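Examination of the molecular architecture
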Amino acid sequence: MSDTTQFRVLDFDCPTCASTVERALSNVDGVQHVEVHYATGRVEIEYDDSVADPDAFAQTIENQGYTPQPA
Amino acid sequence: MNIQSITQYYRKHRKAIVTATSGLLYGGGWSLGYLTSFEMASAAILVLATIVGGYDIAKTAYHEVTNRTLGIKTLVTLAAIGAIVIGEYWEAAAVVFLFSLGSYLEGRTMRKTRTALQELLEMTPDTATVRRDGELQEVPAREVEEGEVVVVRPGGKIPVDGEVVDGESAVNQAPVTGESAPVHKADGDEVYAGTVNQEGALEIRTTGAGSDTTLERIIRRVEEAQEAQSPTESLIDRFAKYYTPAVIVLAIGAYAVTQNAILSLTLLVIGCPGALVIGPPVSIVSAIGNAARSGVLMKGGEHLERAGKIDLVAFDKTGTLTKGETTVADVEGFGVADDEVLSLAATAEKKSEHHLADAIVDAARERPIAATDGGAAVAQADETDASLQSIPGPDDFDVVAGKGVIAHTKGTEVVVGNRALLEDRDINVPSRIADYVREREERGETVVHVVRDGDIIGAIALRDELRKAAPGVVTALQDVGIETVMLTGDNERTAAAVAEEVGIDEYRAELLPEDKQTVIEAYQADGHVVAMVGDGINDAPSLATADVGIAMGAAGTDTAIETADMALMADDLDRIPYAVKLSKATRWNVLENVGLAVLTVTVLLAGVLTSYVTLAAGMLVHEASVLAVILNGMRLLRH
């Protein structure tokens, strides 16, 4: 089953940073669609909940050097 | 302070601490080299400053490279490494420090833009007092079920969307509609989550809670609007895709030709079109956020940019310039009792959904029983109030769009309509009646004739009060050089009278709904950028035709929000000059930001290629221009 989750990242400091996080998230197993918006800091992830581990999303964002907050 | 809280503090302020440390080391290393002859020590400190400040940048650069995106952090890392390799330690430390400082400030200011909307969401309380099993319970607001009754004390915030079932109060709806004056609420009235109950206790039957409230829906739409790219933004994005690789090629080419490493590294530093990419979104996000807090929903940067070019605003008359509450002002019988005219008209209009019909039927209900139809009234299910008359329905009835109705009741034909309908049916209007009609129309009233079996037996004058704000709004638009036009289905004389009262530049009368679209298209063909203001439901086609469709009173209706480019949450005409001025300011702001960014890039490129600008100076100007466009864009938050 497909599910969606959202985060808010308030500390993006350049537009490319947002696209880098977008690429990194789309490489996480089971992720079907990712949108990361620099202007609003909103991260929306659509994933297959039988494959993906939602905890991995926040970790991935943190690994890139940003602070995810639940939206 | 224990270790744990120090670690927490460090994690929270990591960027600031790293930037400050690298800055201090940079200052120390530079002074040492400038004031003394300890060159080795100075170089070591400067390299340390580069490493401290550059570690996080390099880490992100690594992620950029592995994720195959080409960003400024990769370029800065390359430039810093290159500078150290060629022995320019001061340049390396300066680039890293200036970049850290710049991006720290960028992050901080962007956070303000990003949280502007969250203030709105925080208006909704976390808990609600619900009546369950006969007693009051405090539960999380998200868990309130539809149909449950929530109690809100005076001074409390309303936690859910719902309908008042008990109590009476004044509610401040500013968070949802932007209206500053509180609105009176009693039995049956709709209230919104996030609004403030100011006076009496209210009991509210929940219609939506949690994420299913008007406020949450509006905020979701506002965010979608902020994220939608405007034409300027997508143009710049396309440009940026080629700009960075082009500058890198230029850097390599420059090195091959000149063997000047500093020149090539400086090109890398300015290889990111920073201000150009960041400026327009910040302007648009700030403007949309500002509008949302004032009760205006802008559907996106594209609409905002178009709205900035508006030079003509067309208003629908009924319900927009006027209150949309039509009442019967006068009934005149010609050889027949006034009451008989009214009750016959009411019967004919009973099944019509036109707003004039409603007014006539309501007026007839409130009159004393008329002697005409022999009590043949059929009791209707909806007429439960004993003090009101019941109005019998017609045997059959036809609507002539924009003209009136033709009905049959008890063997007579009744026509209720305007002059056009009478002309269609070759009904002669005696001069006495024509005089009466003219006199009422010159007061801005709308008159319908009542015809029984081919003879005019009377006329009914209806009045729709102007909104108090209307003349001021028209003047405010004229003051900023915008033409104003009123579109109405009313006849020429009524329209002229209302137009004069409002002070509007032009009016178009006797328009059928589809004519309004044609009028708008004609203005567009004349080169005007047209905004159309209407209720968003009846006017949906003309709102869609206009360059910018503005719907009023949209808080409750999704249809209106759907069709419009801009939606005013309240029936607050005053927001129109505000929205138009904000759009114009936004358009200028975007142009300023693009202009500043292009100028910066051009000057930098010229400076670098003529060797006037080296690494550190290039970085300084680059970061300063980024901060300048962000701060300029954020001015729109407080417009």
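Keep in mind the model is a prediction, meaning the values are calculated, not measured. (Residues numbered from 1 in each chain as written. Chains lettered and ligands numbered in written order. Predicted model: local features only at pLDDT ≥ 70, side-chain atom pairs only at ≥ 80, totals over all residues.)

With that out of the way, let us pick up the overall build of chain A. Summing up its helical and strand segments, chain A has two helices and four strands in all. Expected size for 71 residues packed as a compact globule is a radius of gyration near 11 Å; at 11 Å, chain A falls within 12% of this value. A principal-axis box enclosing the C-alpha atoms of chain A has dimensions of 35 × 20 × 15 Å. Evaluated residue by residue, chain A yields a buried proportion of 41% over its 71 residues. (Helix = DSSP H or I, 4+ residues; strand = E, 2+ residues; numbered from the N terminus. Rg over C-alpha atoms; globule rule 2.2 N^0.38 Å. Buried ≥ 20, exposed ≤ 12 C-beta atoms within 10 Å, placed from the backbone.)

Counting from both sides, the interface comprises 24 residues of chain B and, opposite them, 20 residues of chain A. Elements represented by at least two residues in the side of chain B that touches chain A include exactly α3 (39-66), α5 (89-115), α8 (214-227) and α11 (274-293) of chain B. When grouped by side-chain class, the residues that make up the side of chain B that touches chain A number six nonpolar, nine polar and nine charged. (Contact = placed C-beta atoms within 7 Å. Nonpolar A, V, L, I, M, F, W, Y, C, P; charged D, E, K, R; others polar.)

Take the UniProt feature "domain: HMA" (unreviewed entry) in chain A next. Per the UniProt record, "domain: HMA" (unreviewed entry) is found at residues 3-69 of chain A. Secondary structure content for residues 3-69 of chain A is 33% helix and 33% strand, while the C-alpha to C-alpha distance between its ends is 18 Å. (UniProt positions renumbered as here; feature names shortened; annotations may be inferred.)

Residues and elements named next belong to chain A. In spatial order, the strands read β2-β3-β1-β4; together these four strands make up an open sheet with antiparallel pairing. One side of each edge strand has no neighbouring strand; the edge strands of this open sheet are β2 (31-36) and β4 (68-70). Along the sheet, successive strands turn relative to each other by an average axial angle of 30°, direction set aside. Where strand β1 (residues 2-9) and strand β3 (residues 42-48) come together, seven bridges link them in antiparallel fashion. The residue of β3 that forms the bridge with arginine 8 is arginine 42. (Pairing = 2+ DSSP bridges. Axes fitted to C-alpha atoms, helices over the stretch in contact; angles between N-to-C directions.)

What follows deals with the environment of B:His355. Residue and element names in this part refer to chain B. The residue histidine 355 is located in helix α15 (residues 355-366) in this model. The partly exposed category is assigned to histidine 355, around which 15 C-beta atoms lie within 10 Å. If we skip the residues at most four places from it in the chain, histidine 355 touches Thr318 and Thr326.

Let's shift gears to unusual backbone geometry. Residue and element names in this part refer to chain B. Its identity is not glycine, yet aspartate 133 carries a phi of approximately 50°, on the positive side. Of note, aspartate 133 is situated in the loop between β1 (127-132) and β2 (135-140). Aspartate 133 gets classed as exposed once you count the C-beta atoms within 10 Å, which come to 5. The phi dihedral of glutamate 510 is positive, around 55°, even though this residue is not glycine. Its place among the elements puts glutamate 510 in the loop between β19 (506-508) and α20 (513-525). You can call glutamate 510 partly exposed: it has 16 C-beta atoms within 10 Å.

The next thing to look at is the environment of A:Ser19. Residue and element names in this part refer to chain A. Within the element layout of this structure, serine 19 appears in helix α1 (residues 15-26). Here serine 19 falls in the partly exposed class, since 17 other C-beta atoms lie within 10 Å of it. Between the alpha carbons of serine 19 and glutamate 35 there is a distance of 8.9 Å; along the sequence they are 16 residues apart.

Put simply, side chains in a regular strand alternate between the two faces of the sheet. Residue and element names in this part refer to chain B. The buried fraction of strand β16 (residues 446-452) amounts to six of the seven residues, a majority that puts the element mostly inside the structure. In terms of strand pairing, strand β15 (residues 412-417) meets β16 through four bridges, oriented antiparallel. By the bridge assignment for β16, valine 414 is matched with arginine 452. Where β16 lies against strand β17 (residues 455-463), seven bridges are found, and the strand directions are antiparallel. The residue bridging valine 450 from the neighbouring strand is glycine 458, located in β17. In textbook terms, the turn of a hairpin is the stretch between consecutive antiparallel strands, and for β16 and β17 this stretch comprises two residues, one of which, aspartate 453, has a positive phi near 45°.

This part takes up helix α10 (residues 261-269) of chain B. Owing to its 3.6 residues per turn, the α-helix aligns residues three or four sequence positions apart on the same side. Residue and element names in this part refer to chain B. For α10, a buried count of seven out of nine residues is recorded, marking the element as mostly surrounded by other parts of the structure. Along α10, the positions that sit buried rather than exposed are Leu263, Ser264, Leu265, Thr266, Leu267, Leu268 and Val269. If you follow the buried residues of α10, they end up packed against α4 (72-85), α5, α9 (231-258), α23 (575-609) and α24 (615-634).

Residues and elements named next belong to chain B. At a minimum axis distance of 10 Å, the contact between α23 and α24 shows a crossing angle of 175°. Put simply, α23 runs roughly antiparallel to α24. Residues Asn589, Glu592, Asn593, Leu596, Ala597, Thr600, Leu604 and Val608 of α23 pack against Gly618, Val621, His622, Ser625, Ala628, Val629, Asn632 and Gly633 of α24. For the contact of α23 with α24, the per-class residue count stands at seven nonpolar, eight polar and one charged. (Parallel < 35°, antiparallel > 145°, perpendicular 65-115°, else oblique.)

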